[in-house]
Amino acid sequence: MTAPHEPPPRLAAAPPRWGITLPLPGLTIDRHRFIVERLPDLGYTDVWSAEGGGTDAFTPLAAAAAWSSSLRIGTGIVPVHTRGPAVLAQTAATLAQLAPGRVLLGIGASVPAHVTDINGIPFDEPFKRTRDVLRFVTRALRGEHVSGDFDTFSITGFQLPHPPAAPVKVILGALRPGMLRLGFTEGDGAITNLLFPEDVPTVLNAVGPQPAGKELVVKVFVCPTEDTDYAHRATRPFLAWILNREPYRKFHEWLGHGELLRESHERWEAGDPEGAQKALPDEVVDGLFISGSPEECRERILRYHIPGVTTIQLYVSLPPEVFVSRAKVLDTLARLGPAAG
């Protein structure tokens, strides 16, 4: 890894919020109520969701809103190609009725595998589409009547009959400078992921000065187990797959990790996904999908806690032995989380 640039001086900030991504792998959403109800007691402030090839992004958040009256709920992220702009605005506004003042709509380009391969939708002009959807939903959620031509779609006329009484923050999934700056200039911030702690200053430098109220969410992947062999088996296939998607490949080239990932990229391009997995250095696997005891994982999560980061979003892949009881699940989340300190 190359040494990151030093970030500009920043004012001391409040400790970041902590969130958990739902559903936990291996646990269907109907079995999460006991977790959501206890999260505030464990120091967590947020519940997040994501959307790719499994659970949709909004149903888990609707359930979480029903199970907790205090947790923020956020999508991290929803692809901008797979839903119409008005449907996105309507869905966010509906969630805001369940959780007023606690909704963050995270949208982004995603990757062709989630847009084209499984939905049959062209992955066209991802930056422009993201920008246009951001502009549309931001105006719509303010209650404006929106009509006219955007670069990637046209709207005859739309207005929410019941716009949110409390603002919905709209943030962008962002990996590189253009999308990061867009999120902070026209949106309410950004969410980024799959980076080393040492890379966060580079992201902050690209963002520049952060106005009050803007969000920088960092999604951290965690597999809390001391069985290193299991952790590698469980996480290496995902990392090889995602790091060989073009957006993430360009992201890590920008961060200066091109040489570190070169062999994995070459094997993937040669049609050898298994070889691409094996070619990922252990330092990449261990750095991008943290493993170890919950206490060891927590110490490494804390390395992402630097001024400018407003929220840590944990994606927690629990080992099978933890799922034997609710008590073990809650104990592991407690030992990972902010209250453990």
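For the structure, see preceding data.
Residues numbered from 1 in each chain as written. Predicted model: local features only at pLDDT ≥ 70, side-chain atom pairs only at ≥ 80, totals over all residues. Heavy atoms only, no water.

**Q** It is not clear to me how the pairing of strand β7 (residues 154-158) should be interpreted in this structure. Could you clarify?
**A** Every other side chain in a regular strand lies on the same face of the sheet, so the side chains alternate between the two faces. As judged from the three bridges shared by strand β6 (residues 146-149) and β7, these two strands associate in the antiparallel manner. Within β7, the position partnered with V146 by the bridge is F158. Taking the residues that link successive antiparallel strands as the turn, the β6-β7 hairpin has four residues. (Pairing = 2+ DSSP bridges. Helix = DSSP H or I, 4+ residues; strand = E, 2+ residues; numbered from the N terminus.)

**Q** I'm lost on unusual backbone geometry in this one. Help?
**A** With the exception of glycine, most residues fall at negative phi, and the peptide bonds are largely trans. Cis geometry marks the peptide bond from L22 to P23, where omega comes out at -5°. Its location among the elements puts P23 in the loop between β1 (17-21) and α1 (33-38). Each neighbour pair has its own omega, and for G76 with I77 the value is 15°, a cis peptide bond. Within the secondary structure layout, I77 lies in the loop between β3 (72-75) and β4 (78-79). Within the chain, E125 stands out as a residue other than glycine whose phi angle is a positive 40°. Summarising the element assignment, E125 is placed in the loop between α4 (112-117) and α5 (126-141). We classify E125 as partly exposed; its relative accessible area is 41%. (Buried < 20%, exposed > 50% of the residue type's maximum accessible area, 1.4 Å probe, protein only.)

**Q** Can you help me understand the packing of helix α9 (residues 246-255) against helix α10 (residues 258-269) in this one?
**A** Pairs of packed helices are described in terms of their axes, by the angle between the two and the distance that separates them. Running from amino to carboxyl end, α9 crosses α10 at an angle of 155°, the nearest separation of the two axes being 10 Å. When the axes of α9 and α10 are compared, the pair comes out roughly antiparallel. Like other packed secondary-structure pairs, α9 and α10 cross with a definite hand, here left-handed. Where α9 approaches α10, its residues R249, H252 and E253 are matched on the opposing element by G258, L261, H265 and E269. Classifying every residue of the contact of α9 with α10 by side-chain character gives one nonpolar, three polar and three charged. (Axes fitted to C-alpha atoms, helices over the stretch in contact; angles between N-to-C directions. Parallel < 35°, antiparallel > 145°, perpendicular 65-115°, else oblique. Left-handed = near helix turned anticlockwise from the far one by under 90°. Contact = heavy atoms within 4.5 Å. Nonpolar A, V, L, I, M, F, W, Y, C, P; charged D, E, K, R; others polar.)

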